[in-house]
Amino acid sequence: MGIAWVFPGQGSQKVGMAEGLLDLPGARASFDQASALLGRDLLAICQGEGTGALADLGDTRNTQPALFVIESLLASQLQAQGRCPSVVAGHSLGELVALHVAGVFDFATGLALMQKRSTLMAAAGGGAMSAVMGFDRDELDQLVAATDGVVIANDNSSAQVVLSGSPEAVTAVTDQLACKRAIPLAVSGAFHSPFMAAAAEAFASELEAVTFADARIPVLSNTDPTPETNGNALKSRLIHQMTTGVRWRETMDQFVASGIETAVEIGPGNVLSGLIKRSCPGIATAQIANSGDLGL
């Protein structure tokens, strides 16, 4: 039976999301390690008890490391139970979790990369993002192609995308597009777009200094959702991730083509499970968000 493990990205976080896994082996030590790196109490922030100027879980600089810790802990426990997927994939920051789980780099390396990534992305302001639902794909593609300064950042499904770019360009497309809904997102910048070029260049410098081992489990990357295990190839894909779109619709197509029968979303929420249910009715879904879901 083909099984995919999928790891959600920013937007899945919620206050209290760490409460149900603090009894997992190494949970508090992992949070302590993250807190020492960040210089603030990440567990308190997850519990809504953070203090100081940078205490909001919704801040990119907290969201990304917090999700990395939680998703990694849950996946580690699944692996300790002897479970192993056929393939792994992550949405945006979730790709770094997928790479860690596949054995490309260790927890400390992934945490350090996530801290750098989140800091760079938070600092790269000046853009906007908007989620769009219920549209004609041809019309959307034509409008995006004809409008400078906007791209499809997250191609989540045939009925849902996220646009990213300058505020004027994003508004121009959503105003002209016949769609069911267009919702501006509360983000600090135009993620997964050319607006991230300077941040991506700085992150690439960080990545170049890190050795990527070959993956023990095939990884579907955001920039190229085909199975890959070569460490150098996976690094090259990740280098381009920050400025290119998340090709999740094609990732789900790859699940179908590869004979995946079950997709397990590891982390808080059910965003990816919902997309898979609507787009791939033949694939069963499950969520692992706390120790109870692990049977502990």
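Note: the structure precedes this text.
Everything numeric in this text was worked out from a predicted model, so none of it was measured.

*Asks:* Please clarify how the overall build of the protein chain should be interpreted in this entry.
*Replies:* For the protein chain, the count of helices and strands is 11 helices and nine strands. Its C-alpha atoms give the protein chain a radius of gyration of 18 Å, within 12% of the compact-globule value 19 Å for 296 residues. Among the 296 residues that make up the protein chain, the fraction classed as buried is 54%. Expressed as a percentage of contacts within the protein chain between residues at least 6 apart in sequence, the contacts between residues at least 24 apart total 72%. A total accessible area of about 11,800 Å² is found for the protein chain, and carbon and sulfur atoms account for 49% of it.

*Asks:* I would appreciate a short explanation of the packing of aromatic side chains in the present structure.
*Replies:* Any pair of aromatic rings gets described here by the distance separating the centres and the angle formed by the planes. Per the stated rule, a full pass over the model turns up three aromatic pairs. Aromatic side chains Trp248 and Phe255 sit 6.4 Å apart centroid to centroid with 85° between the ring planes, which places their arrangement in the edge-to-face category. On the basis of relative accessibility, which here comes to 0%, the residue Trp248 falls in the buried class. By relative accessible area, Phe255 is classed as buried at 1%.

*Asks:* Please explain the packing of helix α3 (residues 60-80) against helix α5 (residues 107-123) as it appears in this structure.
*Replies:* Pairs of packed helices are described in terms of their axes, by the angle between the two and the distance that separates them. Contact pair α3 / α5: the axes reach a minimum separation of 8 Å and the direction vectors enclose 155°. The angle between α3 and α5 places the two elements in the roughly antiparallel class. Here α3 and α5 pass one another in a crossing that is right-handed. Contacts between α3 and α5 involve Thr60, Arg61, Gln64, Pro65, Phe68, Val69 and Ser72 from the former and Phe107, Gly110, Leu111, Met114, Arg117, Ser118, Thr119, Met121 and Ala122 from the latter. The class makeup of the residues in the contact of α3 with α5 is eight nonpolar, six polar and two charged.

*Asks:* Explain the side chain of Thr223 here, please?
*Replies:* Here Thr223 lies in the loop between β7 (219-220) and α9 (231-239). For Thr223, a relative accessible area of 18% corresponds to the buried category. With near-sequence residues (within four places) excluded, Thr223 lies in contact with Arg237, His240, Gln241, Thr244 and Arg247.

*Asks:* What exactly am I supposed to notice about the pattern of salt bridges here?
*Replies:* Pairs may arise between side chains of opposite charge once their charged atoms sit close together. Evaluation of the coordinates by the stated rule reveals seven salt bridges. Across the pair Asp59 and Arg61 runs a salt bridge, and its minimum N-O distance is 2.9 Å. Judged by relative accessible area, Arg61 falls into the partly exposed class, the value being 31%. With a closest N to O distance of 3.0 Å, Asp155 and Arg137 form a salt bridge. You can see Asp155 sitting in strand β4 (residues 150-157) and its partner Arg137 sitting in helix α6 (residues 137-146), a full 18 residues away along the chain. Here the two residues Asp155 and Arg137 agree in accessibility, since each one is buried. Here the salt bridges share partners, and the residues they tie into one network are Arg137, Asp155 and Arg249.

Scoring rules and cut-offs
- Residues numbered from 1 in each chain as written.
- Predicted model: local features only at pLDDT ≥ 70, side-chain atom pairs only at ≥ 80, totals over all residues.
- Heavy atoms only, no water.
- Helix = DSSP H or I, 4+ residues; strand = E, 2+ residues; numbered from the N terminus.
- Rg over C-alpha atoms; globule rule 2.2 N^0.38 Å.
- Buried < 20%, exposed > 50% of the residue type's maximum accessible area, 1.4 Å probe, protein only.
- Contact = heavy atoms within 4.5 Å.
- Areas by Shrake-Rupley, 256 points an atom, 1.4 Å probe, with all protein chains shown as cover.
- Phe/Tyr/Trp six-rings, centres within 6.5 Å; stacked < 30°, edge-to-face > 60°.
- Axes fitted to C-alpha atoms, helices over the stretch in contact; angles between N-to-C directions.
- Parallel < 35°, antiparallel > 145°, perpendicular 65-115°, else oblique.
- Left-handed = near helix turned anticlockwise from the far one by under 90°.
- Nonpolar A, V, L, I, M, F, W, Y, C, P; charged D, E, K, R; others polar.
- Salt bridge = Lys/Arg side-chain N within 4 Å of Asp/Glu carboxyl O.

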